[in-house]
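# Descriptive analysis of the structure
Listed below are the residues making up each chain.
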Amino acid sequence: MDISSFYNIGSAAIRQAAESSPIGQKALEKPDLSFDSVFQKAIENINTTNSYLSDMENEEIRWMLGETDNTHDLSVAMNKAATALQYTVAVRDKLLDAYKELMQIQI
């Protein structure tokens, strides 16, 4: 629920409660769109994807060696890794498209 519409209410108690809530504080923060923060988040995304892929491989190895017969954990690890990889590839493709578009700009 977006509480930004509550800021026009005249009651100081309601405004104070909205601003002190975690959601209200998050709504007041301006996102950091600097290159460094975007780059750090991209690296964090890649590290998370690598972690999910590693977890999937570990679950596969455990299942193949017979250390576990729980296919649910294997399935969950495989789905997490596939989703994270698809997201990472989609972000990479968008970045490459933006880079190509910038390179085609005539000066």
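## Quick look at the overall build of the protein
For the protein, the helix and strand inventory stands at four helices and zero strands. Ordering the α and β elements of the protein from the N terminus gives α-α-α-α. Relative to its 107 residues, the protein shows a buried fraction of 14%. Residue pairs in contact within the protein that sit at least 24 positions apart in sequence constitute 32% of those at least 6 positions apart.

## Looking at helix α3 (residues 35-64)
Over its 30 residues, α3 extends 43 Å from the first C-alpha to the last, a length consistent with the 44 Å expected when each residue adds 1.5 Å. The set of residues buried in α3 consists of S37, N45, T49, M56 and E59. Considering only its buried residues, α3 is in contact with α4 (71-103). Backbone geometry just downstream of α3 places G66 in the positive-phi region, at approximately 80 degrees.

## Quick word on the packing of α3 against α4
With their axes 8 Å apart at the nearest point, α3 and α4 run at an angle of 150 degrees to one another. Classified by the angle their axes make, α3 and α4 are roughly antiparallel. Crossing of α3 over α4 shows left-handed handedness. Where α3 approaches α4, its residues N45, I46, T49, Y52, L53, D55, M56, E59, E60 and W63 are matched on the opposing element by T71, D73, L74, A77, M78, K80, A81, A84, L85, Y87 and T88.

## Re the pattern of salt bridges
With the rule as written, the count across this model stands at two salt bridges. Residues R92 and D93 are paired through a salt bridge, measuring 2.8 Å at the closest nitrogen-oxygen approach. For D93, a relative accessible area of 32% corresponds to the partly exposed category.

## Observations regarding the side chain of T88
You can see T88 is positioned in helix α4. Residues in contact with T88, not counting those within four places in the same chain, are N45, I46 and T49.

## Observations concerning a nonpolar patch on the surface
A surface patch of nonpolar side chains, about 460 Å² in accessible area, is lined by I61, W63, M64 and L65. Here L65 lies in the loop between α3 and α4. Take L65: its relative accessible area is 60%, and that puts it in the exposed class.

Rules used throughout
Each chain carries its own residue numbering, running from 1 in the direction its sequence is written. In view of the model being predicted, local features appear only for residues whose pLDDT reaches at least 70, and side-chain atom pairs are presented and counted only at 80 or more, with totals across whole chains, interfaces and linings using the full set of residues. Heavy atoms throughout the structure, all of them, feed into the side-chain values; hydrogens and water do not. Here a strand is any run of E in DSSP of at least two residues, a helix any run of H or I of at least four, and the numbering for each starts at the N terminus. Any residue under 20% of the maximum accessible area for its type is buried, any over 50% is exposed, and the rest in between are partly exposed; the area is computed with a 1.4 Å probe on protein chains only. Two residues form a contact once any of their heavy atoms are found within 4.5 Å. In a helix, the anticipated span is given by 1.5 Å times the number of residues less one. To obtain an axis, a line is fitted to C-alpha atoms, over the contacting stretch when the element is a helix, and the angle between two such axes runs from 0 to 180 degrees between their N-to-C directions. The scheme is simple: roughly parallel for angles under 35 degrees, roughly antiparallel for over 145, roughly perpendicular for 65 to 115, oblique for anything else. Each crossing gets its hand from how the near helix is turned against the far one by less than a right angle, where anticlockwise is left-handed and clockwise is right-handed. Only one rule defines a salt bridge in this text: a Lys or Arg side-chain nitrogen within 4 Å of an Asp or Glu carboxyl oxygen. Candidates for patches are residues over 30% relative accessible area with no salt bridge; among them, like charges are joined within 9 Å and nonpolar side chains (Val, Leu, Ile, Met, Phe, Trp, Tyr) within 5 Å. In short, Shrake-Rupley with a 1.4 Å probe defines the accessible areas, and a residue's cover is counted only from the protein chains shown.

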